Amino acid sequence: GSEMCIRDRLHISSEQTADTVLPKLTGDIVLSHVTFSYPGAAEPALSDISLHIRPGQRVAIIGGTGAGKSTIAKSLAKRLGIMHLDTGAMYRAAGKKALDLGINPADRDRIAPMIASTHIDVVFCAGVQRVFLDGVDITDKIRTQDVSKAASDIGTIPEVRVKLVELQRGIAERNSIIMDGRDIGSYVLPDAEFKFYITADVKERARRRMFDLRRSGTDGGRTYEDIEREIANRDRVDSTREFAPLKRAADAIPVSYT
């Protein structure tokens, strides 16, 4: 058909990149126009900030669970006409495989050989990211709480991060891109031309996550208090892990909710 997809594989290098199929856009974009979609949402304070993106430049959006980094990244990518890479989906894919195999996602001795033989594909169709695990599209199966917890645990294992970061950097080298995640500005893309660190109160982030989970029917009966505790714990795990922790890059512009 006429729909063009761009695929980047961990084990197979592709001749086709976004440079050949995605439009390039150069110009200013005012970030203060970005808003959130759930009732009563606070808006990110981004006034008086503009971007001038040139081909080959990268935007790193850093933040913790429920901070809105993916929402902002998707909106900017769409308006700029460039690729958005949701790196967290890759860790969710790895975490899901561990769960499917009955492996503790925090067990480095078993996860290291598992990830070595794992194929994770990122496919962009009409600007929408799809994630394939060992050839199977699992995009719609990685947003559960169990997978989220598994992604956090498996993300502490150096072998996992090294392998997935290899793919992420490869994609960024070939394309103008917006990438969001916990260690994007400090570890994955330390030389990104633009970096933003998204912060919000845990209560606000819990409201966002609760709304998203209920809308998708994946809240699992959990209460707002449950979600708040989960986010606080995820922050603790992500920010204290030894390898590539969640942190604000020194040159990142802080963005908070108003």
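What this report covers is the structure whose coordinates are included nearby. (Residues numbered from 1 in each chain as written. Predicted model: local features only at pLDDT ≥ 70, side-chain atom pairs only at ≥ 80, totals over all residues. Heavy atoms only, no water.)

Some thoughts on the overall build of the protein
Here's step 1: Along the backbone of the protein there are nine helices and 11 strands.
Here's step 2: Classification of the 258 residues of the protein by burial places 51% in the buried group.
Here's step 3: Sequence-distant contacts in the protein: of pairs separated by 6 or more residues, those separated by 24 or more amount to 75%.
Here's step 4: Counting every atom, the protein has about 11900 Å² of accessible surface; 50% of that belongs to carbon and sulfur. (Helix = DSSP H or I, 4+ residues; strand = E, 2+ residues; numbered from the N terminus. Buried < 20%, exposed > 50% of the residue type's maximum accessible area, 1.4 Å probe, protein only. Contact = heavy atoms within 4.5 Å. Areas by Shrake-Rupley, 256 points an atom, 1.4 Å probe, with all protein chains shown as cover.)

Remarks on the pairing of strand E9 (residues 177–181)
Side chains on a regular strand alternate between the two faces of the sheet.
Here's step 1: The buried fraction of E9 amounts to five of the five residues, a majority that puts the element mostly inside the structure.
Here's step 2: Residues of E9 alternate between two faces, with Ile177, Met179 and Gly181 on one and Ile178 and Asp180 on the opposite face, all of them buried.
Here's step 3: Bridge analysis of strand E4 (residues 58–63) against E9 gives five bridges, and the strand direction is parallel. Bridge pairing links valine 59 to isoleucine 178 in E9.
Here's step 4: As defined by bridge partners, strand E5 (residues 83–86) adjoins E9 across four bridges and the pair is classed as parallel. Residue pairing across strands places methionine 83 opposite isoleucine 177, the latter belonging to E9. (Pairing = 2+ DSSP bridges.)

A closer look at helix H4 (residues 108–116)
Here's step 1: Every buried residue of H4 is listed here: Ile111, Met114 and Ile115. Looking straight down H4, one finds that the buried residues subtend no more than 90° of arc, so they occupy a single side. Within H4, the exposed residues directed more than 90 degrees away from the buried face are Asp109 and Ala116.
Here's step 2: Buried residues in H4 make contact with helix H3 (88–100), helix H5 (145–154) and helix H6 (158–174).
Here's step 3: N-cap assignment for H4: the residue whose side-chain oxygen lies 3.2 Å from the backbone N of aspartate 109 is aspartate 107. (Arc of directions from axis to C-beta. Polar contact = N/O pair within 3.5 Å; in protein donor to acceptor, adjacent residues only side chain to side chain.)

Considering H6
It helps to recall that an α-helix has 3.6 residues per turn; residues three or four apart then point in one direction.
Here's step 1: The first and last C-alpha atoms of H6 sit 25 Å apart over 17 residues, in line with the 24 Å expected at 1.5 Å per residue.
Here's step 2: For H6, every residue scored as buried is listed here: Val160, Arg161, Lys163, Leu164, Val165, Leu167, Gln168, Gly170, Ile171 and Ala172. (Expected span 1.5 Å × (residues − 1).)

A closer look at the sheet that holds strand E11 (residues 253–256)
Here's step 1: Pairing within the open sheet is parallel, and its five strands lie in the order E5-E9-E4-E10-E11. One side of each edge strand has no neighbouring strand; the edge strands of this open sheet are E5 and E11. Neighbour-to-neighbour, the strand axes of this sheet turn through a mean angle of 20°, independent of strand direction.
Here's step 2: The strands touched by helix H2 (residues 69–80) within the sheet are E4, E5, E9 and strand E10 (194–199), with E9 carrying the most contacts at an inclination of about 175°. (Axes fitted to C-alpha atoms, helices over the stretch in contact; angles between N-to-C directions.)

Here we look at unusual backbone geometry
Here's step 1: Non-glycine residue aspartate 134 carries a positive phi angle of around 50°.
Here's step 2: Secondary-structure assignment places aspartate 134 in the loop between strand E7 (128–133) and strand E8 (136–137).
Here's step 3: Exposure remark for aspartate 134: the relative accessible area of 36% places this residue in the partly exposed category.

Some remarks on the environment of arginine 108
Here's step 1: The topology assignment puts arginine 108 in helix H4.
Here's step 2: Not counting residues up to four positions away in its chain, the partners in contact with arginine 108 are Pro113, Ile157, Pro158 and Glu159.

Observations concerning the pattern of salt bridges
Any two side chains of opposite charge can pair, so long as their charged atoms come close to each other.
Here's step 1: Per the counting criterion, the structure on display carries 19 salt bridges.
Here's step 2: Between aspartate 183 and arginine 161 there is a salt bridge; the shortest N-O distance is 2.8 Å. Taken together, the residues span a long stretch of sequence, with aspartate 183 in the loop between E9 and helix H7 (184–188) and arginine 161 in helix H6 at a distance of 22 residues.
Here's step 3: The exposure class of arginine 161 is buried, given its relative accessible area of 4%.
Here's step 4: What emerges from the salt-bridge pattern is a single network uniting Arg182, Arg234, Asp238 and Arg241. (Salt bridge = Lys/Arg side-chain N within 4 Å of Asp/Glu carboxyl O.)

What to know about the packing of H3 against H5
Here's step 1: Remark: H3 packs on H5, axes separated minimally by 7 Å, with the N-to-C direction vectors making an angle of 105°. As far as their axial angle goes, H5 and H3 are roughly perpendicular. Residues Tyr91, Arg92, Ala94, Gly95, Lys96, Ala98 and Leu99 of H3 form the contact with H5, whose own contacting residues are Asp146, Val147, Ser148, Ala150, Ala151 and Ile154. (Parallel < 35°, antiparallel > 145°, perpendicular 65-115°, else oblique.)

Regarding the side chain of glutamine 168
Here's step 1: For glutamine 168, the position within the fold is in helix H6.
Here's step 2: Given a relative accessible area of 1%, glutamine 168 falls into the buried group.
Here's step 3: Those residues in contact with glutamine 168 that sit more than four places away from it in its chain are Leu85, Thr87, Met90, Tyr91, Met179 and Val188.

Some details on the nonpolar core
Here's step 1: Counting residues in each nonpolar core, the largest one holds 41 residues, and the members touching the most others are Leu85, Ile111, Ile154, Val160 and Met179.
Here's step 2: In this view, methionine 179 contacts Val59, Ala60, Ile61, Leu85, Thr87, Gln168, Ala172, Ile184, Val188 and Leu189; residues no more than four positions away in its chain are not counted. (Core = buried A, V, L, I, M, F, W, Y, C linked by side-chain atoms within 4.5 Å.)

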